[in-house]
Amino acid sequence: IQRLVDRVSALFVPVVLVIALVTLLGWGLTSGDWQAALLNAVAVLVIACPCALGLATPAAIMVGTGAAARHGILIKDAEALETAHAVDVAVFDKTGTLTEGRPKLTALEGLEPERVLQLAAALQQYSVHPLARAVLDAAAARQIAPPAAQNARALPGRGVQAEVDGATIVLGNRRLMEELGLAPDAATDHAAAGRTVSWLAERRGGTARILGLLAFGDRLKPGAASTIARLKTQGVTPVLLSGDNRAAAQAVAQALGIERVHAEVLPADKAALVAALRAEGRRVAMIGDGINDAPALA
């Protein structure tokens, strides 16, 4: 509506000004009463002003976006509102989006479980990732102090690594273990229960070995199932897109009634899937909360 008003105004305003000028001259020259002529010219300008479109529409948009902002919803521009009704695919991240994002450590396995947790806490002590908080909470509960770690860095979509006690310690998913040439056990019991599984490995002197695994459990957000159900009744297809293991992603999808699932994907893969859906002519909404979702959100 705003764009239509802008196009109309480009012609409408100068035409009205010309009519007002003709009114002024017509009344002034024929009657000689220039005061009445001026009043009539002003009346033409006031009555011809398209207030309902030219003023009310932008004002309504400003009021609406302001009300949304008070509820924590930021709207980029009017075009975002204009196109939102046409969305027919909603792509959801899993952790922190459909789940509460407050996972807890549910299993700790290895030859030395306490050492596994200690090293994992060393890697995660500088991270704000939900899984990092779960590791640190578990270590604190067991009064395990993490050792110092150097050169800590995130491995997007795979895990983290750092130098601890002269060795390179890595904590991450199956993809990361396979990149290190390791074959982690299936951990099928944990995955089948919908848990996220991370393996801890050590690289020292050119050789690598798995020290243990950590499994994390997270609860679905209370409104997740009803949100998915409502979207489906509105003709919007939900898609689950997660970097987590396939079994955990499938468990969440099954609980929520999501049929289309893409798991174990890297951040770039998420962006590629969104691009592929758009290439099919679909109007896509991406819902995510983490740095791994940034390329897809963009």
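Description of the structure in this document. (Residues numbered from 1 in each chain as written. Predicted model: local features only at pLDDT ≥ 70, side-chain atom pairs only at ≥ 80, totals over all residues. Heavy atoms only, no water.)

### Observations regarding the overall build of the protein chain
When its secondary structure is counted, the protein chain shows 13 helices and ten strands. A globule of 298 residues ought to have a C-alpha radius of gyration of about 19 Å, yet the protein chain, at 30 Å, is considerably larger. With the C-alpha coordinates of the protein chain rotated into their principal frame, the extents come out at 105 × 40 × 35 Å. Put simply, the protein chain has 298 residues, and 35% of those count as buried. Across the protein chain, contacts joining residues at least 24 apart in sequence account for 60% of those joining residues at least 6 apart. Looking at the protein chain as shown, the accessible area adds up to about 16,800 Å², and 59% of this sits on carbon and sulfur atoms. Side chains of the protein chain give 28 positive and 27 negative charges; the mean places of these two sets differ by 1 Å. (Helix = DSSP H or I, 4+ residues; strand = E, 2+ residues; numbered from the N terminus. Rg over C-alpha atoms; globule rule 2.2 N^0.38 Å. Buried < 20%, exposed > 50% of the residue type's maximum accessible area, 1.4 Å probe, protein only. Contact = heavy atoms within 4.5 Å. Areas by Shrake-Rupley, 256 points an atom, 1.4 Å probe, with all protein chains shown as cover. Lys, Arg positive; Asp, Glu negative; His and termini not counted. Charge placed at Lys NZ, Arg CZ, Asp CG, Glu CD.)

### Thoughts on the side chain of D244
Summarising the element assignment, D244 is placed in the loop between β8 (237–241) and α11 (246–256). Using a relative accessible area of 10% as the deciding quantity, one classes D244 as buried.

### Focus: the packing of helix α1 (residues 2–31) against helix α2 (residues 34–48)
Close contact between α1 and α2 brings their axes to 8 Å; oriented N to C, the two are set at 160°. By the angle class used here, α1 and α2 are roughly antiparallel. For the crossing formed where α1 meets α2, the hand is right-handed. From α1, F12, V16, L17, I19, A20, T23, L24, L25, W27, G28 and L29 reach across to α2, where they touch W34, A37, L38, N40, A41, V44, L45 and A48. Grouping the constituent residues of the contact of α1 with α2 by class yields 16 nonpolar, three polar and no charged. (Axes fitted to C-alpha atoms, helices over the stretch in contact; angles between N-to-C directions. Parallel < 35°, antiparallel > 145°, perpendicular 65-115°, else oblique. Left-handed = near helix turned anticlockwise from the far one by under 90°. Nonpolar A, V, L, I, M, F, W, Y, C, P; charged D, E, K, R; others polar.)

### Comments concerning the environment of R175
Within the secondary structure, R175 is located in helix α8 (residues 174–179). Residue R175 is classed as partly exposed on the basis of its relative accessible area, which comes to 28%. What R175 contacts, discounting residues up to four positions off in sequence, is R158, E264, V265, L266 and D269.

### Topic: the sheet that holds strand β6 (residues 196–204)
If you trace the six strands from one edge of the open sheet to the other, you get β2-β7-β6-β5-β4-β3, paired in antiparallel fashion. Because the sheet does not close on itself, it has two edges, and the strands there are β2 (104–110) and β3 (150–155). The average angle at which neighbouring strand axes cross in this sheet is 20°, direction not considered. The sheet strands contacting helix α7 (residues 130–141) are β2, β6 and β7 (207–217), and the helix crosses β7 at an angle near 90°. (Pairing = 2+ DSSP bridges.)

### Examining the pairing of β3
Sheet topology places β3 next to strand β4 (residues 159–164); four bridges connect them, and they run antiparallel. Paired with Q150 across the strands is E163, a residue of β4. Two successive antiparallel strands, β3 and β4, enclose a turn made up of three residues, where G157 displays a positive phi of approximately 75°.

### Notes on the layout of surface pockets
What the second largest pocket holds in volume is close to 880 Å³. Lining the second largest pocket are 24 residues, and of these A80, T83, V284, A285 and M286 sit closest to its centre. Listing elements by their share of the lining of the second largest pocket, those giving two or more residues are α5 (78–84), α12 (267–279), β10 (284–287) and α13 (294–297). Per-element tally for the lining of the second largest pocket: the top contributor is α5, with five residues. Grouping the amino acids of the lining of the second largest pocket by side-chain chemistry returns 17 nonpolar, one polar and six charged. (1 Å grid on protein atoms, 1.4 Å probe; cavity = no way out; pocket = protein on both sides within 12 Å on 5 of 7 lines; lining within 4 Å. Points joined across faces, edges and corners; volume = space filled by probe spheres on them.)

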